[in-house]
Every structure is written in C-alpha cells, then in structure tokens.
Amino acid sequence: MKISVTTGAAEQQKTACLVAGVYEGRKRLDIEIGKGLDELFGRALKSKEFSGCKGEVLLLHGVNKGGPERVLLLGLGKEKDFTLSDLRQVASEATNILTRKQLGSFVLTLAQVAMKKAELGEKVQAIAEGLLLADYNYDRYLPKNRPGQPVKVSDALLLLAPGDDKHVAETALGKAEAICAGVCLARDLVNAPGNLKSPEYLAMQAVAMSEQVNIKAKLLNRQEMEKRGFGALLGVAQGSQRDPYLIVMEYNGAKADEKPVALVGKGVVFDSGGISLKPGEKMDEMKMDMGGAAAVIGTMLAAARLQLPINLVGVVPAVENMPSGTAIRPGDILTSLSGKTIEVLNTDAEGRLILADALTYVGQYQPRLVIDLATLTGACIIALGNQAAAVLGNDDKLIGQLLKAGERSGERLWQLPLWEEYAAQIKSDFADVKNTGGRPAGTITAAAFLQKFADSYRWAHLDIAGMAWEESGKAGRPKGGTGFGVRALVEFLHGECA
Ligand code: BES
Ligand code: MN
Ligand code: ZN
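Residues numbered from 1 in each chain as written. Chains lettered and ligands numbered in written order. Predicted model: local features only at pLDDT ≥ 70, side-chain atom pairs only at ≥ 80, totals over all residues. Heavy atoms only, no water.

1. A look at the domain arrangement of the chain
Part 1 of the reasoning: Partitioning the chain into domains gives domain 1 (2–160) and domain 2 (179–497).
Part 2 of the reasoning: For the pair domain 1 and domain 2, the summed buried surface comes to about 1400 Å²; carbon and sulfur atoms form 54% of the total.
Part 3 of the reasoning: When residues of domain 1 are sorted by the area they lose upon contact with domain 2, L133, Y136 and Y138 head the list and together hold 44% of the total.
Part 4 of the reasoning: Counting across the interface, domain 1 meets domain 2 through two salt bridges.
Part 5 of the reasoning: For the salt bridge of E122 with R408, the shortest nitrogen-to-oxygen distance reads 3.4 Å.
Part 6 of the reasoning: Linking domain 1 with domain 2 are seven residue pairs in polar contact (both at pLDDT 80 or more).
Part 7 of the reasoning: Those elements that provide at least two residues to the side of domain 1 that touches domain 2 are α2 (84–100) and α3 (120–134).
Part 8 of the reasoning: Per-class residue counts for the side of domain 1 that touches domain 2 are six nonpolar, five polar and five charged. (Domains from an automatic or database assignment. Buried area = accessible area lost by both parts, 1.4 Å probe. Salt bridge = Lys/Arg side-chain N within 4 Å of Asp/Glu carboxyl O. Polar contact = N/O pair within 3.5 Å; in protein donor to acceptor, adjacent residues only side chain to side chain. Helix = DSSP H or I, 4+ residues; strand = E, 2+ residues; numbered from the N terminus. Nonpolar A, V, L, I, M, F, W, Y, C, P; charged D, E, K, R; others polar.)

2. Some thoughts on the sheet that holds strand β12 (residues 333–335)
Part 1 of the reasoning: With mixed pairing, the three strands of this open sheet are ordered in space as β12-β13-β17. Each edge of the open sheet carries a strand with a single partner, namely β12 and β17 (433–434).
Part 2 of the reasoning: Sheet topology places β12 next to strand β13 (residues 341–343); three bridges connect them, and they run antiparallel. Pairing of T335 across the sheet is with T341, part of β13. (Pairing = 2+ DSSP bridges.)

3. Digging into the packing of aromatic side chains
Part 1 of the reasoning: Evaluated as defined, the whole model comprises seven aromatic pairs.
Part 2 of the reasoning: Here Y138 and Y141 contribute two aromatic rings whose centre-to-centre distance is 6.2 Å and whose plane-to-plane angle is 50°, an arrangement assigned as tilted.
Part 3 of the reasoning: Consider the rings of W419 and Y422, whose centres lie 6.1 Å apart with planes at 10°: the pair is stacked.
Part 4 of the reasoning: Classification of W419 by relative accessible area gives exposed; the value is 55%.
Part 5 of the reasoning: Relative accessible area serves as the criterion here: at 18%, Y422 is assigned to the buried category.
Part 6 of the reasoning: One aromatic cluster is present, built from ring pairs that chain together F230, Y361 and Y365.
Part 7 of the reasoning: Sitting over the face of the ring of Y136, R187 holds its NZ or CZ atom 5.2 Å from the ring centroid. (Phe/Tyr/Trp six-rings, centres within 6.5 Å; stacked < 30°, edge-to-face > 60°. Buried < 20%, exposed > 50% of the residue type's maximum accessible area, 1.4 Å probe, protein only. Lys NZ or Arg CZ within 6 Å of the ring centre and 35° of its normal.)

4. Regarding unusual backbone geometry
Part 1 of the reasoning: In the Ramachandran plot, Q102 falls in the positive-phi region, its phi being about 55° despite a non-glycine side chain.
Part 2 of the reasoning: Inspection of the secondary structure puts Q102 in the loop between α2 and β5 (105–109).
Part 3 of the reasoning: Within the chain, Q307 stands out as a residue other than glycine whose phi angle is a positive 50°.
Part 4 of the reasoning: Mapped onto the secondary structure, Q307 falls in the loop between α8 (291–305) and β11 (311–321).
Part 5 of the reasoning: Residue Q307 is classed as exposed on the basis of its relative accessible area of 63%.

Right, dumping it as structure tokens:
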C-alpha cells in the first residue's frame, strides 16, 4: 500500500471511499461534503444502526456527486478514552474492510480524530502503522489470483485538517514506513517454513538486509565458534545436520567511540525439543522460535532506515534444535563461552543455552545496555497469555523505559520480578548452573539463568513466547509471525537518542 499525505476539502476527493472516524455521542458529522451526508448519518443514528461505539462500521453510498463514491464511518468510542493504540487499531480495521470490499484506494480524513493528548505526528504515525500492519499476508506459496484471495488496497491518502503541518505529517509517515518495513521483514522471517529456514538461511537474510542499508554484517561459523569456545551454543547445534551461525550486525549512527546499545535475539530456527522431544501437537509452530532474532533483524533495518543517531549492535545465535545420535542428552554438562559450566537437564530449554553465549559475546562491545528478546518459555504464555511480553532485568530504570516504549508503541510489556531467591531453583549439584528450574515461575528462572551471563552490563530480557505468533488472525495482526518487538524497540531507541 502506498500512503501519501494531502490537504484540501473532503468533498472534492475523487475516491472510491472516504474514511472517517466518529466519536460516540456525535449528533452531526463535521465533514464538508454536502447536505446529504448529515441527513444519512442522522437516519443511521435514529435507527440505531450506528452510534459511534468502538468497532462499529457504517458504509454510506450516494452521498454527493463528483466527490467520494462512498463514505465509510468507523466508530471510535468515547473521545476521552481514545488512545493512539485505538487509532492504530481502527486504521487496521479500515484496511481490512476496504480489502474485503475490494476498493483499491481510499482517502482517510484526520479532521474527525481530534485527540487532546496526541500531536499530529503521533496520530499520522499511528494511522500509517495501523494501515501497513494490516496490509500484510504471507502468500508466496499460494497461487496468484486464487479465487477469494483478497485484493490489496493500493493507495491510501491521508487528508489533513486545515492548519495541520504537512511536513510534520510526512516525516511521521516516513517513520511509520521504516518501522513497518522492519516489522514485515520480521514477519517474513518467522513465517518462512522450517525446510527453507536453516540457520544459514537466517544468516543470509540478515546479510541481505544489511547490504540494503548502512549495516556491517559478519558471521561466525561453527569452526570459529569452536575455536572461541561457544560450548553452550554448539551443544544445542550438535543434534542438527545444519550448521549454526552467530550473526553479528553493526549499525553506526553516532560517533565511533560512543558505546553501542546491543540487541540479542534467540534464533532457534526450529525447536523440536531435541532428545527431550516436544509433543507432536502444534510442533509446526516451533518454526517461530526465532521470533526474537526476527525482531532484532527487523529493528536493525528500521533503525538504519531512520538513520537513528546511535550505535547499535545486533547479535543472533542461529541454531536448530533436533534429536539425533549426535544430539546433547539430559545430564550432559557444557562449558559456555563465559567459562561457566551448565548442566543440561532438559534439552528443550535450549534458548537460554544459546543466549548465554551470545550474551557473553556482546560483552566485548562494552555496550551501554543490552536487551535480549526470546520466545523463551511456555510458562510466559501461562502467565500473560497473548496480551503482553514479560520484561525482566537487572536495571529498573531500563525496564521502566521499556515499559513506557511498549505502551506507546502498542506492544505491551509487563514486568516480572527477578528476586535473587529465584536463583536457588537453578543451582546444580554438578555444574555452575542447571538449565531448568522446575515448573514454578518458569519465565523467571529462565531469566535468572540468563542473568548469570549478563552481569557485566545493564540488561533487560523480553520473553516474547506469547507474542511472536498469532494463531487466529486479528486486525493488524494477521495469522502467523507478528514481528513483535520491532515497534517497542524502535520506540525505545528513539528515547535513547533524545
Ligand atoms: N521455544 C520454547 C518456548 C515456547 C513454547 C515458545 C511455546 C513459544 C511457544 C522453549 O525452547 C522451551 O521449550 N521452553 C521450555 C522450557 C522448559 C523445558 C524448562 C518450556 O517452556 O516448556
Ligand atoms: Mn525448547
Ligand atoms: Zn525454544
């Protein structure tokens, strides 16, 4: 979808559809579009077909000649409760409706969405994100022109209100486009099927992304990791025929001596569980176990496109977790890159093993802070469902900033405690630490494990297990990979630049 910004009168818009939001309780529409519209609107109010409640939709035809062919009214709910997340959501719903109705293009008027707490730029960004996030589907393995296949909206015009600064709106639009390019790349990577998606494939995609923009990418292969002692990562990789890679991406938007922000993403391209094999049901979804990696790669792309004045390093340990004659066994003891030994009690707790080495590796950058993202624990889905990712870490200020960025971006995070008492659950009799802490507080003990490898810098961990994959498909969250994390991270990084 191509989005542009325009000014002018609504009634002069030659479009298949004019889209406008309507707050609950409005008696008139203030859209200058001839007398006809208010009369039709009044009738819809009277017949209770439409009242402006959140989620309501009204499509009107024959409003005036020469202007828009239709008017699509979207209920916004109560004005005082309306947030930027709601606006994003409404825009996503608009995309879905217009796609279903096969109306190739539309004009969306901003004049009706007055919001006290939001500036023009924020509104335009939220609308554009909502439109673009809904305008995605993973159809590369489907035949072209399949009957019933949605016809995409090709053009959207955002019609500014009188007095709105067009330059501000265009800047915000560019920001949304960069962010959504990152989100959609992340979704593509998550949706790619496991047969295609080897660790090497993920590495090649990261290299290709880096070549598109101003990012330096380098790869460590198995031999190099053996030489350096990535024992925990290589332990997970040893059950698979496919070679592991450590993917390192560097973006320099600030002075060379400025310490970077480091992002680390779990890149398990398929998690069968290994010898501690997972049950068969829904095992197909475990191709999404690189959702953290996808978020890091997508965020690197967005940050570079936005030319953020910051130094960033993205690290992705990419492996496949498979059972085989060469796989690690429960009871094995691995020596990690940090030198700490790890007793592997469950080969399905593999994410923390590869992250341990990646977290040690980023230490060499002397990062000013480190954020890791991982589809790490099923327990996180038990705790928070599919509404928020868990955030834990060793620095409450950093966590506070992330919570705020999550709220603003519409990607919710929720803090879980990381009290030192939890570490007792991962004490091993035979090694420095064991890789499972039993059933109680599974998300927290996983973070407590990571903390042992993240003790030399400010660090936060996002468990995105419940957020990386959308099972049913919602407006702005099509079925499959969600690209979760990119928007919250970019929002956070914007704050870091200020
Ligand atoms: N990748 C899984 C976690 C997961 C489960 C992500 C469901 C998304 C959806 C992770 O590697 C895993 O298997 N974790 C185990 C840890 C346990 C063995 C300590 C889990 O959560 O069961
Ligand atoms: Mn696992
Ligand atoms: Zn996993």
